[in-house]
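# Chain and residue survey
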Amino acid sequence: MSLVESPVRSASSGIEPLRQEIFALKRKLNAVILAHNYQVAEIQDVADYVGDSLGLSQHAAKTSADVIVFCGVHFMAETAKILNPSKVVLLPDKDAGCSLEESCPADKLAEFQKTNPNFYTIAYINCSAAVKALSDAICTSGNAVKIAQAAPKERDLLFVPDENLGSWVMEQTRRPMTLWRGNCYVHVEWTASIIDRIRREHPGAPLVAHPECVRAVRLLADEVCSTEKMVDYCKRTTASAIIIATEAGMIHRLQRECPDKKFIPAPTENCRCNECRFMKLNTLEKLRDCMANLHPRIELDQSIIERARLPIDRMLEISARN
Ligand code: 13P
Ligand code: SF4
C-alpha cells in the first residue's frame, strides 16, 4: 500500500510535529520509509509503503531513494541492504529481531546441510543474512508454495526455519520436505480451543490465519495466507466481520483498507501475546531519531551480501512468473 504524506488518519494531533519532522527528514535525505503490516499505527501512517515481507522486498529492490528506512525487524532490513549494498539502510531499533531468526544459527544449519549433499535449502525470509547465504532459494509466506513448486525435482528439500509454514507448504504441494524445528513465538500462541470459542461467539465471521499458526488452527481457518493476501481476502469477502489470527498490528492496516468491515483479533489465552515484542520495539520517536542520526544502520560483509543475493534474486524472479 502506498501512502501520501498529507492526511493524518489514526495519528492524534499531539504527534503531528513529530510526523512533520519525519517528512522533512525524508525530503532532506531522499529517503523512503518502508513499514511492515505489524508496525504500530503511527508508523504505518507515515510510511511510503506498508506491506508484507514479499511486497517490502519487491519495493526495496526497485527503490530509487538514497536512504531506506526500514520499519520492521532486522532480517527485513538486512534483505533491503543485500538488495541495495551501496545505500544506507536504517532500522529504528537495532534489537528488533525475530524468534524464527534466532532458532536457526548459520553454523548449525551448515552442519546439518552436510548430512545430505542433495539438500536444496529453501529459507523463509525470516532468517539471518548468513543463513540466506547458505540457501538455494528464499521464500516469504506470500510465495512459499510457488518457490517449493519451482525447486528442482531431483533434490531433497530442506525448509528452514519455520516448521509450521513448512508443514503448510508440504500440505499444499504434496512434496516432502525436511523441516527445521523453529517457530514464531507469537503465532504458536493460538490454539484450536480458543479459536473454536471465538468462532462460536461470532457465527458467520470467517477466520483468516497466517501460515505460521499451528496446523490445528490452520485447519479451522477459511483462509490461510500472508498478511498482504489477508488484505485481498478481506476486500473480496462479502462477510461484514472477519476473525484475524495474526499479529495485532494487522488490524490497523485492515481497518484502513476496509473501513466498513469489522475485524476481530483472535484472542490468545492469558496475555497480549498477539503483539510481537520485536516489531513493537520501533516507535515514531525512534524512527525520527534514526533518520536524524543515520543510525542504527545495517552493515553486512561483502561476501555475505554476494552469497545471500543469489537466493533472494531467485525468489524475486520466480515470484514474478505467471
Ligand atoms: P508476512 O510476510 O506474511 O507479512 O509475514 C511476516 C512475519 O513476520 C509473520 O510473522
Ligand atoms: Fe518473527 Fe513472529 Fe515477530 Fe514475525 S511475528 S517478526 S515471525 S517473532
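Above this text is the structure in question.
Residues numbered from 1 in each chain as written. Chains lettered and ligands numbered in written order. Predicted model: local features only at pLDDT ≥ 70, side-chain atom pairs only at ≥ 80, totals over all residues. Heavy atoms only, no water.

## So, the sheet that holds strand β4 (residues 88-90)
Heads up, the rule is: Should DSSP find at least two bridges between two strands, the strands are regarded as paired. Here a strand is any run of E in DSSP of at least two residues, a helix any run of H or I of at least four, and the numbering for each starts at the N terminus. Axis lines are fitted to C-alpha atoms, over the contacting stretch for helices. Their N-to-C directions set the angle, which ranges from 0 to 180 degrees. Any two residues whose heavy atoms approach within 4.5 Å at even a single point are treated as in contact.
The strand order β2-β1-β3-β4 describes an open sheet built from 4 strands, whose pairing is parallel. On the outer flanks of this sheet lie β2 (49-51) and β4, each paired with one strand and no other. Averaged over all adjacent pairs, the angle separating strand axes in this sheet is 20 degrees, with direction ignored. Where strand β1 (residues 31-36) meets β2, 3 bridges bridge the pair, whose relative direction is parallel. By the bridge assignment for β2, Ala-35 is matched with Val-50. Contacting β1, β3 (67-71) and β4, helix α14 (residues 284-293) crosses the sheet at an angle of about 160 degrees to β3.

## Considerations on the site of ligand 2
Formally: Here a residue is near a molecule or strand as soon as one of its heavy atoms is found within 4 Å of it. Gly falls in the polar group here, along with every residue not listed as nonpolar (Ala, Val, Leu, Ile, Met, Phe, Trp, Tyr, Cys, Pro) or charged (Asp, Glu, Lys, Arg).
Surveying the vicinity of ligand 2 reveals the residues Tyr-38, Val-73, Cys-98, Ser-99, Leu-100, Asn-126, Cys-184, Tyr-185, Glu-212, Cys-276, Phe-278 and Met-279. Looking at the shell around ligand 2 residue by residue, the classes come out as 9 nonpolar, 2 polar and 1 charged.

## A word on helix α3 (residues 53-62)
Which entries qualify depends on this criterion: Here the term buried applies to any residue with accessible area under 20% of the maximum for its type, exposed to any over 50%, and partly exposed to those in between, with areas from a 1.4 Å probe on protein chains only.
Within α3, the full set of buried residues consists of Ser-53, Leu-54, Gly-55, Leu-56, Ser-57 and Ala-60. Buried-residue contacts for α3 involve β1, β2, β3, α4 (74-83) and α15 (302-320).

## With respect to helix α9 (residues 163-173)
Threshold: Counting of polar contacts relies on pairs of N or O atoms within 3.5 Å, with two restrictions inside protein: one atom must be capable of donating a hydrogen and the other of accepting it, and residues adjacent in sequence are counted only when both atoms are side-chain atoms.
With 8 of 11 residues buried, α9 lies mostly within the body of the structure. Looking only at α9, the buried set comprises Glu-163, Asn-164, Leu-165, Gly-166, Ser-167, Trp-168, Val-169 and Thr-173. Each element contacted by the buried residues of α9 is listed here: β5 (119-124), α8 (144-149), β7 (156-160), β8 (177-179), α11 (215-218) and β10 (223-224). Where α9 begins, the side chain of Asp-162 points an oxygen toward the backbone nitrogen of Asn-164, at a separation of 3.0 Å. Remark: Arg-174 follows α9 within two positions and exhibits a positive phi of approximately 60 degrees.

## Overview of the environment of Asp-156
Note that Asp-156 resides in strand β7. Between the C-alpha atoms of Asp-156 and Thr-178, which are 22 residues apart in sequence, the distance is 8.0 Å.

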